[in-house]
Structure formats: structure tokens, C-alpha cells
Amino acid sequence: QKEVEQNSGPLSVPEGAIASLNCTYSDRGSQSFFWYRQYSGKSPELIMSIYSNGDKEDGRFTAQLNKASQYVSLLIRDSQPSDSATYLCAGRRGSNYKLTFGKGTLLTVNP
Amino acid sequence: SQTIHQWPATLVQPVGSPLSLECTVEGTSNPNLYWYRQAAGRGLQLLFYSVGIGQISSEVPQNLSASRPQDRQFILSSKKLLLSDSGFYLCAWSRTGGMETQYFGPGTRLLVL
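Residues numbered from 1 in each chain as written. Chains lettered and ligands numbered in written order. Predicted model: local features only at pLDDT ≥ 70, side-chain atom pairs only at ≥ 80, totals over all residues. Heavy atoms only, no water.

Asker: Help me understand the overall build of chain A, please; the structure alone is not making it clear to me.
Answerer: Counting its regular elements, chain A contains zero helices and eleven strands. Each helix (α) and strand (β) of chain A, taken in turn from the N terminus, gives the series β-β-β-β-β-β-β-β-β-β-β. Over its C-alpha trace chain A gives a radius of gyration of 13 Å, about what one expects of a compact globule, namely 13 Å for 111 residues. A principal-axis box enclosing the C-alpha atoms of chain A has dimensions of 40 × 30 × 20 Å. Within chain A, contacts between residues separated by at least 24 positions form 53% of all contacts whose residues are at least 6 apart in sequence. Carbon and sulfur atoms provide 46% of the accessible area of chain A, an area that totals close to 5300 Å². (Helix = DSSP H or I, 4+ residues; strand = E, 2+ residues; numbered from the N terminus. Rg over C-alpha atoms; globule rule 2.2 N^0.38 Å. Contact = heavy atoms within 4.5 Å. Areas by Shrake-Rupley, 256 points an atom, 1.4 Å probe, with all protein chains shown as cover.)

Asker: What's the story with the pattern of salt bridges in this structure? I'm lost.
Answerer: Between side chains of opposite charge, a pair can form as their charged atoms come close. All names here are of chain A. Enumeration over the complete set of coordinates arrives at seven salt bridges over all chains. Ionic pairing is found between aspartate 27 and arginine 93, a salt bridge with its closest N-O pair at 2.7 Å. Here arginine 93 lies in strand E9 (residues 85-93) and aspartate 27 lies in the loop between strand E3 (19-25) and strand E4 (30-38), a separation of 66 residues in the sequence. Ionic pairing is found between arginine 37 and glutamate 45, a salt bridge with its closest N-O pair at 3.3 Å. (Salt bridge = Lys/Arg side-chain N within 4 Å of Asp/Glu carboxyl O.)

Asker: Hey, could you run me through the sheet that holds strand E1 (residues 4-6) of chain A in this one?
Answerer: What holds strands together in a sheet is hydrogen bonding between their backbones, with the strands either parallel or antiparallel. Residues and elements named next belong to chain A. Here we have five strands laid out as an open sheet, ordered E1-E3-E8-E7-E6, and antiparallel in their pairing. The open sheet has two edge strands with one neighbour each: E1 and strand E6 (54-58). Strand-to-strand, the axes of this sheet are offset by a mean angle of 20 degrees, without reference to chain direction. The pairing of E6 with strand E7 (residues 61-66) spans five bridges and is antiparallel. (Pairing = 2+ DSSP bridges. Axes fitted to C-alpha atoms, helices over the stretch in contact; angles between N-to-C directions.)

Asker: Which parts of the structure should I look at to understand the pairing of strand E11 (residues 108-112) of chain B?
Answerer: In summary, the side chains of a regular strand alternate between the two faces of the sheet. Residues and elements named next belong to chain B. Along E11, the buried face is formed by Thr108, Leu110 and Val112; none of Arg109 and Leu111, which line the opposite face, is buried. Examined bridge by bridge, strand E2 (residues 10-13) and E11 share four bridges and lie parallel to one another. Across the sheet, the residue bridging to valine 12 is leucine 111, located in E11. As paired elements, strand E9 (residues 87-94) and E11 share three bridges and run antiparallel to each other. Directly across from glycine 87, in E11, lies its bridge partner leucine 110. (Buried < 20%, exposed > 50% of the residue type's maximum accessible area, 1.4 Å probe, protein only.)

Asker: Help me understand a nonpolar patch on the surface in this model?
Answerer: Residue and element names in this part refer to chain B. On the surface, Val12, Leu111 and Leu113 cluster together into a nonpolar patch covering about 290 Å² of accessible area. Considering the arrangement of structural elements, one finds valine 12 in strand E2. Residue class for valine 12 comes out exposed when judged on its relative accessible area of 53%. (Patch = residues over 30% accessible without salt bridge, like charges linked within 9 Å, V, L, I, M, F, W, Y side chains within 5 Å.)

Asker: How should the nonpolar core be read in this particular structure?
Answerer: If you look at soluble globular proteins, the nonpolar side chains tend to sit buried side by side. Judged by nonpolar contacts, the single largest core of 22 residues is most densely connected at Trp35(A), Ile47(A), Val72(A), Leu74(A), Ile76(A), Tyr87(A) and Leu107(A). Elements that contribute at least two residues to this core include exactly E3, E4, strand E5 (45-50), E7, strand E8 (71-76), E9 and strand E11 (105-110) of chain A. With residues near it in sequence (within four places) discarded, Ile76(A) still touches Ala17(A), Ile18(A), Ala19(A), Leu21(A), Arg60(A), Phe61(A), Asp83(A), Tyr87(A) and Leu107(A). The next biggest cluster of nonpolar side chains, apart from the first, holds 20 residues, and it includes Leu33(B), Leu64(B), Phe74(B) and Leu81(B). (Core = buried A, V, L, I, M, F, W, Y, C linked by side-chain atoms within 4.5 Å.)

Asker: Where do I start with the packing of aromatic side chains in this structure?
Answerer: The description of two aromatic rings rests on the distance between their centres and on the angle between their planes. Throughout the structure, instances matching the rule amount to eleven aromatic pairs over all chains. Seen in terms of ring centroids, Tyr36(B) and Phe104(B) are 5.3 Å apart; in terms of plane orientation they differ by 55 degrees. Their pairing is tilted. Note that Tyr36(B) is positioned in strand E4 (residues 32-38) and Phe104(B) in strand E10 (residues 103-104), a separation of 68 residues in sequence. For the pair Tyr36(B) and Phe104(B), one class covers both residues: buried. Members of the aromatic cluster, each reached through a chain of ring pairs, are Tyr36(A), Phe101(A), Tyr34(B), Tyr36(B), Tyr49(B) and Phe104(B). The aromatic ring of Phe88(B) is capped on one face by Arg109(B), whose charged end is 4.1 Å from the ring centroid. (Phe/Tyr/Trp six-rings, centres within 6.5 Å; stacked < 30°, edge-to-face > 60°. Lys NZ or Arg CZ within 6 Å of the ring centre and 35° of its normal.)

Below is the structure:
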């Protein structure tokens, strides 16, 4: 069973801090990874995708991928209360259509 | 821009009743379409995906079925609902091709009593 595991949380950080969300995957064939944000009662919305080893930055968000260690992370700088949500990590093998999702990490940013 | 719609938004159904959930996409043609279920305490689970009209692939054996009668319409059905069918049902779309990002619709929350 190919799995994606996320740090279970919940994670609580003060406003303005860096939030670090982590994800590991068991399928070495996974080539692309996605971070989605899901507010309570709402559907997931894409934050970032990452395909290559290293860092990818988009505003306050940085995704990091290390395929050798089978590890993906999302850093949120200057965390805001509006960032409070469940963050879902997903991986995909090659050009396969199927995304394998982790169970998510609940992040709370305290004012 | 592309928009994805799902209805109904919420649904309460008795055990053994039929189900029909609908998803439509606007602003694109020949999208890949997906049905996911999110149950409490569990991750998103892919149920079905479709790469074209009438083409359905099932990921999980269950009492659900899917159909794609039109290019941008995807329907999830059941003849007899089970209690375990309760959950948050999400439709997603992506552009044609295996490397494309998936975007989710607003979802349907289903409670089977």
C-alpha cells in the first residue's frame, strides 16, 4: 500500500511565526507533489505543486522536496490567523492520474 | 477561467435509497474528471476518474458507480446507499494529460441515516 503520511498535529503557532508542515511518502516512484489547504467545511484548494528536488517559493509559502529522503515539506512564513486550516499533502507516481493524499495536518495560527 | 460546480451542497438520505450527485465544469473542454470521498478521520480517497465521455475507471470496489454522459458532466450514483457511504464527496478536474494539477469543486456533504 503506497502511503503518504503527514505529521499528525494539530500544530499551533503564534501569528508572525513560521509554520512547518511535513510529509513523507513510501512510493519511490512518486514524482510530483501537491499541497492543498482545506478550511473547515470547505473543499481543498491548491497552494503549491513541486516536481524537482529543492525549494520552490511562492509568496509566504515555500515547498521543499527531497526525493532521496522521500520527504516533502511546506513552510509558511509570517503566519496569519487566516492560514488556520488543514493542510493536505498529495503525491503522484509519474503521469498516473491518481493522487495519494495524506490525512492532513490541522494548523492553528493564534493572534 | 474554469469553474466547477457540484450539487446538491448537502444531502440527507435514508439507508437503501438511491443517490445521484452531479458535477459540471465550465471554461474548458475535454477535462479529466475525478470523484473523491473524504470520510471523517480519513484522507481523500479517489473513487472514479474519467478521461473522456463514457470512459470511467474505478479505483475502489463499492456500491457506487459513475457516468460521464457529456464532456463536462460527471455523475456519481448509487442504487442503494449504505451507512458507510456518508462523507464529503468532491469532484475535481484537470486538463488532459497525466501531469496536470487537479482542482476541486465545492463538494457535497452526504449523510446517510
